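Results of the structural survey
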Amino acid sequence: QRAMAHWGLGRALQERGDLAAARTELAQAVTLAPTNADYRGALATLDTEALRLVDAQAGFDAALAQTGDDYLSLAGAGLLALKRGDAQAARTQLLKALVIEPRYARAQVWLAVAEYQLGERAAALDSLERARQADPRDPLAWQIQAMLQNDSGEPVLAIAAAREALTRLPYRKSLNPL
């Protein structure tokens, strides 16, 4: 019970952008329930977002050793690969996660970034569409699309996507991902 409470508070703090406080809460959840892969995966994903890449890798290794089909850990490992500049490994991990849970919007956005880095623009835009379907209120998919279309020399479409992101900003708990 206490571990779940720390995990929930940690996730909420992470969404709000308070990574230091979130890390404290998630680490406490892992301490209280060391065999829970979800808690380890959440902490490792937070470590990835905070650029604590060595800690993140250790966390994902432990979480996936416990539960190899934990889609949150697989998706987080994909984000870690993106942060390390390995778009192919990121795509592999993210596709594994999305086979298990195709409605995970953040993983769809991260997959779009990996696919774009691999030169698969159409696949990236498809992933962003799936992210929007999974979480219609999240501005991140629209913001990423605006950046991709701007990079592709489509300023009118980029501006339209940025406007869509702007209308969804009130639903965002933190601007850190943007």
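Because the structure is predicted, anything quoted here is derived from the model rather than measured.

1. Side note on the packing of helix α3 (residues 37–49) against helix α4 (residues 53–66)
Contact geometry of α3 with α4 gives a least axis separation of 8 Å together with a crossing angle of 160 degrees. With respect to α4, the element α3 is oriented roughly antiparallel. Considering how the two elements wind past one another, α3 and α4 form a crossing that is left-handed. Across from Ala37, Arg40, Gly41, Ala44, Thr45, Asp47 and Thr48 in α3, the residues of α4 making contact are Leu53, Asp55, Ala56, Gly59, Phe60, Ala62, Ala63 and Gln66. Residue composition of the contact of α3 with α4, by class: 7 nonpolar, 5 polar and 3 charged.

2. Quick look at the pattern of salt bridges
Counted under the stated rule, the structure contains 10 salt bridges. Between Asp55 and Arg52 there is a salt bridge whose closest N-O contact spans 2.8 Å. Judged by relative accessible area, Arg52 falls into the partly exposed class, the value being 37%. Close ionic contact of Arg103 with Glu101 constitutes a salt bridge, the shortest N to O distance being 3.0 Å. You can call Glu101 buried: its relative accessible area is 15%. Bridged by salt links that share partners, the residues Arg23, Asp47, Arg52 and Asp55 form one connected network.

3. A look at unusual backbone geometry
The phi dihedral of Leu51 falls on the positive side, at around 60 degrees, and the residue is not glycine. Secondary-structure assignment places Leu51 in the loop between α3 and α4.

4. Thoughts on empty space enclosed by the protein
Evaluated as defined, the whole model comprises 1 cavity of 30 Å³ or more. Arg11, Gly41, Ala42, Thr45, Leu72, Tyr104 and Arg106 together form the lining of the largest cavity. In terms of residue class, the lining of the largest cavity is built from 3 nonpolar, 2 polar and 2 charged.

5. Side note on the packing of α4 against helix α5 (residues 71–83)
For the pair α4 and α5, the least separation of the axes is 10 Å and the interaxial angle reads 150 degrees. The orientation of α4 relative to α5 falls into the category roughly antiparallel. In this structure, the crossing between α4 and α5 has a hand that is left-handed. Across from Leu53, Ala56, Gln57, Phe60, Ala63 and Leu64 in α4, the residues of α5 making contact are Ser73, Leu74, Gly76, Ala77, Leu80 and Lys83. Of the residues belonging to the contact of α4 with α5, the class tally is 8 nonpolar, 3 polar and 1 charged.

6. Quick word on helix α6 (residues 87–100)
Between its terminal C-alpha atoms α6 stretches 20 Å, which fits the 20 Å expected from 14 residues at 1.5 Å a residue. Regarding α6, the residues found buried are Ala87, Ala90, Arg91, Gln93, Leu94, Ala97 and Leu98.

7. With respect to the packing of aromatic side chains
On inspection of all chains with the given rule, the structure shows 3 aromatic pairs. Taking 5.6 Å as the distance between ring centres and 75 degrees as the angle between the ring planes, the aromatic pair formed by Tyr71 and Tyr104 counts as edge-to-face. With Tyr71 in helix α5 and Tyr104 in the loop between α6 and α7 (105–117), this residue pair connects regions lying 33 residues apart in the sequence. With a centroid separation of 6.4 Å and an interplanar angle of 85 degrees, the aromatic rings of Tyr104 and Trp110 are classed as edge-to-face. In this structure Trp110 comes out as buried when scored by relative accessible area, which is 10%. Following the ring pairs from residue to residue traces out a cluster consisting of Tyr71, Tyr104 and Trp110. Here Arg132 stacks its cationic end above the ring of Trp142, 4.1 Å away from the centre of that ring.

Conventions adopted
Residues numbered from 1 in each chain as written. Predicted model: local features only at pLDDT ≥ 70, side-chain atom pairs only at ≥ 80, totals over all residues. Heavy atoms only, no water. Axes fitted to C-alpha atoms, helices over the stretch in contact; angles between N-to-C directions. Helix = DSSP H or I, 4+ residues; strand = E, 2+ residues; numbered from the N terminus. Parallel < 35°, antiparallel > 145°, perpendicular 65-115°, else oblique. Left-handed = near helix turned anticlockwise from the far one by under 90°. Contact = heavy atoms within 4.5 Å. Nonpolar A, V, L, I, M, F, W, Y, C, P; charged D, E, K, R; others polar. Salt bridge = Lys/Arg side-chain N within 4 Å of Asp/Glu carboxyl O. Buried < 20%, exposed > 50% of the residue type's maximum accessible area, 1.4 Å probe, protein only. 1 Å grid on protein atoms, 1.4 Å probe; cavity = no way out; pocket = protein on both sides within 12 Å on 5 of 7 lines; lining within 4 Å. Points joined across faces, edges and corners; volume = space filled by probe spheres on them. Expected span 1.5 Å × (residues − 1). Phe/Tyr/Trp six-rings, centres within 6.5 Å; stacked < 30°, edge-to-face > 60°. Lys NZ or Arg CZ within 6 Å of the ring centre and 35° of its normal.

By themselves, these observations are geometric and do not establish any function.
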